[in-house]
Amino acid sequence: MAETKREIERKYESDDSGLPDLTGAAGVASVLDQGVAELDATYYDTSDLRLAAASITLRRRTGGSDAGWHLKLPVAVGVRDEIRAPLSDTVPDELAGLVRSRVREGQLVPVVRLRSARDVRLLLDAEGRLLAEASVDAVRADRLFGGEGRAQWTEIEVELADGGDPALLDKLDKRLRKAGVRPSKSASKLARALAETAPRKKRAKARTKAAAEAAGAGRKGSDKEPVTAGDHVLAYVRAQRDAILALDPAVRQDAEDAVHDMRVATRRLRSTFRSFRKVLDRGVTDPIGVELKWLAGELGVGRDQEVLAERLGAGLEDVPHTLVSGPVAERLQTWAKAQHHGSRSRLLGVLDSARYLTLLDALDAFVADPPLRKAAEGKPAKVLAKAVRKDLGKVSDLVERAMAEPPGRDRDEGLHEARKKTKRTRYAAETATPAIGGRAKALAKSMKSLQSLLGEHQDSVMARQTLRELSAVAHAAGESAFTYGLLYGREERRAELVEKELPTAWERISGAAEV
């Protein structure tokens, strides 16, 4: 079974002088010498280095206290989540699954072997508690695939102890810099090894590119500042594609909010395709949109059940115990667990499916060669604002039409449609914000407020539907259905309050909404 550890560290260049004395810095009372450990790690990647491109490392390491398989996923600069699995001859299935969205139909092969002599020092406070671990690593790198030769260097690594304050590293950094130690130019040992053992032509090209960028020239593609309407739309699309890929491992690990966040990214993408049809060729975007809708639906199965279970549980807690008749809490818990287990298994199957991986390929192809229409070359403020106003008009029509219906199913469905169009307008305004500025930002905020209000109504609709089903099951089992009816009535009242508030809220929002 794999375990996860948050790794917060800094890397520095090192010379023959080794590690400076850190005693007295940042509360370090003593430095304990742990001796030298011999580490031997083989790094795996695809032949075109997809993991390295995403700052992900996968290695099999022997030696030291944590021999085994290590998968490192980036969190922020200097922060990674390290997922560990026991030592074995082949890549563990669990770790392979966590990089499947990157590897897809490719194969993981050994690309670099790193052998390090690690001189380890423990930095302790006055009470002997571990603050951080500092090491001087003498590294030898051998390229195994896609490159040539060997590289050698020495570096200093300072890693924060579990649960430590990251500010400690800032204080240690000052001491190290004062001693003449400079931060490493490479984010990781693997990144440095790949750069220094790349084929000669690639190394020369990389040096030329770096020099050009340092001079402010040669910036293109995703690096350039958005200029046209198409640039702004593509920047938003690219950000959502990247979010889906980055969230995939977290969804597989059932991390908090990961499913919700991935679902939002898929919805943002689909909404962008629909809102900016004057910018993007719908002959290309429509088929991708169909697949995004499918993925959002699959992600929603588990997420919607989670939200609903929390709502019903909270509602029951507010009921006086004298009004709780029968094993209502137990039945709700059984229902929630069964729903979660079933949706969880289904979702993992979706993420491993050929359909999902094909969608990721399609998104990559879209970003690499975007199908832009003539309007993409237009001025962002004009083109994007027009699209946003069009979406806003649709929201207005849907809200007015829904509220004209009598309370009941037709109104519920109409308000649900209005909620979906509200999200679309919000995402369109987000796309336009870098180009238009404060007006678009304000509209996005207003649409988020309206979305929350309409979401409360839809949640009530779904809660009442579930309560009807649960009460029928309880009745069939010979239990009292009284409490389910009480909860149903409360949910009905919550929906009525939203409907009563909506006209005033919409008047206020629409009056302030201009782009």
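Residues numbered from 1 in each chain as written. Predicted model: local features only at pLDDT ≥ 70, side-chain atom pairs only at ≥ 80, totals over all residues. Heavy atoms only, no water.

## Notes on the pattern of salt bridges
Per the counting criterion, the structure on display carries 56 salt bridges. When the shortest N-O distance is used, the salt bridge between E7 and R80 registers 3.2 Å. Here R80 lies in strand β5 (residues 79-85) and E7 lies in strand β1 (residues 3-13), a separation of 73 residues in the sequence. Salt-bridge contacts for E456 lead to R311; the nearest nitrogen and oxygen are separated by 2.9 Å. Taken together, the residues E456 in helix α14 (residues 438-476) and R311 in helix α9 (residues 282-317) connect sequence positions 145 residues apart. E456 gets classed as partly exposed once you look at its relative accessible area, which sits at 23%. Residue classification places R311 among the buried residues on the basis of a relative accessible area of 10%. (Salt bridge = Lys/Arg side-chain N within 4 Å of Asp/Glu carboxyl O. Helix = DSSP H or I, 4+ residues; strand = E, 2+ residues; numbered from the N terminus. Buried < 20%, exposed > 50% of the residue type's maximum accessible area, 1.4 Å probe, protein only.)

## As for unusual backbone geometry
Of note, the phi angle at A26 is positive, near 55°, even though the residue is not glycine. Tracing the backbone through its elements, the reader meets A26 in the loop between β1 and β2 (30-45). Looking at A26, the relative accessible area reads 23%, which means it is partly exposed. One non-glycine residue, D254, adopts positive backbone phi at about 60°.

## A few points about the environment of R192
Topologically, R192 is positioned in helix α5 (residues 189-196). The class for R192 is buried, based on a relative accessible area of 14%. Sequence separation between R192 and A151 is 41 residues; the distance between their C-alpha atoms is 8.9 Å. Setting aside residues no more than four positions away along its own chain, R192 makes contact with E13, W153 and S186. (Contact = heavy atoms within 4.5 Å.)

## Description of the layout of surface pockets
When its volume is computed, the largest pocket comes out at roughly 1,400 Å³. Among the secondary structure elements, those contributing two or more residues to the lining of the largest pocket are α8 (258-275), α9, α10 (328-351), α13 (409-436) and α14. Here the lining of the largest pocket is composed, by residue class, of nine nonpolar, 14 polar and 19 charged. (1 Å grid on protein atoms, 1.4 Å probe; cavity = no way out; pocket = protein on both sides within 12 Å on 5 of 7 lines; lining within 4 Å. Points joined across faces, edges and corners; volume = space filled by probe spheres on them. Nonpolar A, V, L, I, M, F, W, Y, C, P; charged D, E, K, R; others polar.)

## Here we look at the side chain of S471
Looking at the element boundaries, S471 is found in helix α14. If we skip the residues at most four places from it in the chain, S471 touches A481 and Y484.

## As for the nonpolar core
Ranked by internal contacts, the top residues of the largest apolar core, which has 62 residues, are I244, F273, Y356, L450 and W506. No other element matches helix α12 (residues 380-403), which puts 10 residues into this core. If we ignore the near neighbours within four places in the chain, the residues touching Y356 are S101, I244, D248, R252, M262, W294, L295, V350 and L351. Judged by nonpolar contacts, the second largest core, of 20 residues, contains A25, V28, V79 and V181. (Core = buried A, V, L, I, M, F, W, Y, C linked by side-chain atoms within 4.5 Å.)

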